[in-house]
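Secondary and tertiary structure notes
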Amino acid sequence: MSERLQPGDTAPAFTLPDADGNEVSLADHKGRKVIVYFYPAALTPGCTKQACDFTDNLDVLAAAGYDVIGVSPDKPEKLAKFREKENLKVTLVGDPEKTTLEAYGAFGEKKLYGKTVTGVIRSTVVVDEEGKVEHAFYNVKATGHVAKIIKDLSIGS
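An account of the accompanying structure is given in this report. Only a predicted model underlies this, so the values are computations on that prediction, with no experimental measurement involved. (Residues numbered from 1 in each chain as written. Predicted model: local features only at pLDDT ≥ 70, side-chain atom pairs only at ≥ 80, totals over all residues. Heavy atoms only, no water.)

Details of the pattern of salt bridges
Per the counting criterion, the structure on display carries eight salt bridges. Of the charged contacts, one joins Arg83 and Asp20 as a salt bridge, the two residues approaching to 2.9 Å between their closest N and O atoms. With Arg83 in helix H3 (residues 76–86) and Asp20 in the loop between strand E1 (15–17) and strand E2 (23–25), this residue pair connects regions lying 63 residues apart in the sequence. The class of Asp20 is partly exposed, set by a relative accessible area of 49%. Put simply, Arg32 and Asp67 hold a salt bridge, and the shortest N to O gap is 2.8 Å. (Salt bridge = Lys/Arg side-chain N within 4 Å of Asp/Glu carboxyl O. Helix = DSSP H or I, 4+ residues; strand = E, 2+ residues; numbered from the N terminus. Buried < 20%, exposed > 50% of the residue type's maximum accessible area, 1.4 Å probe, protein only.)

Considering the layout of surface pockets
In this structure, the largest pocket encloses a volume near 280 Å³. Lining the largest pocket, in full, are Pro40, Lys110, Lys111, Leu112, Tyr113, Val120, Ile121, Arg122, Asn139, Val140 and Lys141. Considered class by class, the residues forming the lining of the largest pocket number six nonpolar, one polar and four charged. (1 Å grid on protein atoms, 1.4 Å probe; cavity = no way out; pocket = protein on both sides within 12 Å on 5 of 7 lines; lining within 4 Å. Points joined across faces, edges and corners; volume = space filled by probe spheres on them. Nonpolar A, V, L, I, M, F, W, Y, C, P; charged D, E, K, R; others polar.)

As for the sheet that holds strand E9 (residues 133–138)
Strand order in this open sheet of five strands is E5-E4-E3-E8-E9, and the pairing throughout is mixed. Both edges of this open sheet fall to strand E5 (91–94) and E9, since each of them pairs with a single strand only. The mean angle between the axes of side-by-side strands here comes to 20°, regardless of whether they run parallel or antiparallel. (Pairing = 2+ DSSP bridges. Axes fitted to C-alpha atoms, helices over the stretch in contact; angles between N-to-C directions.)

Some thoughts on the packing of aromatic side chains
Taken as a whole and judged by the stated rule, the model has five aromatic pairs. Ring centres of Tyr37 and Phe54 lie 4.3 Å apart, and the angle between their planes is 25°; this geometry places the pair in the stacked category. Remark: Phe54 occurs in helix H1 (residues 45–56) and Tyr37 occurs in strand E3 (residues 33–38); sequence separation between them is 17 residues. With relative accessibility at 0%, the residue Tyr37 sits in the buried group. For the pair Phe38 and Tyr104, a centre-to-centre distance of 5.1 Å together with 40° between the ring planes defines the contact as tilted. One end of the pair, Phe38, is in strand E3; the other, Tyr104, is in the loop between helix H4 (99–103) and strand E6 (107–112), with 66 residues separating them in the sequence. You can call Phe38 buried: its relative accessible area is 0%. Taken together, the ring pairs in this structure connect Tyr37, Tyr39, Phe54 and Phe82 into an aromatic cluster. (Phe/Tyr/Trp six-rings, centres within 6.5 Å; stacked < 30°, edge-to-face > 60°.)

Written out as structure tokens, the structure reads:
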């Protein structure tokens, strides 16, 4: 079971392939705030809703100085299909080895339909300009989560 991150922790560094196979690193975003969100699988209803919510709010988040990176265990080909099908604008990266998911505490035991299973824990970590964890939200809901983040971070108010 991976440790959950706490505010003030250094966000684990990562370099993962995006939907086009290009490498995306957390370090590339130094000097900007980054919302890193972890979701179980591309092209599933909840994850689609969440990715579309982030895409719909990308301008608001970007204007407030936030970049958004979505991480799932999917391979780049599936991420590309997801992006095209849903017209997504957020950066999606794949972590098939689950090393980044585990480093962020976003992979482990969770309840699914009353059973305990091991899998991706839908989570969002907000990283500040210096690479430190500002907020860490675990077991978030796919629907309404982006609006809650915007409210919690006092964006646009």
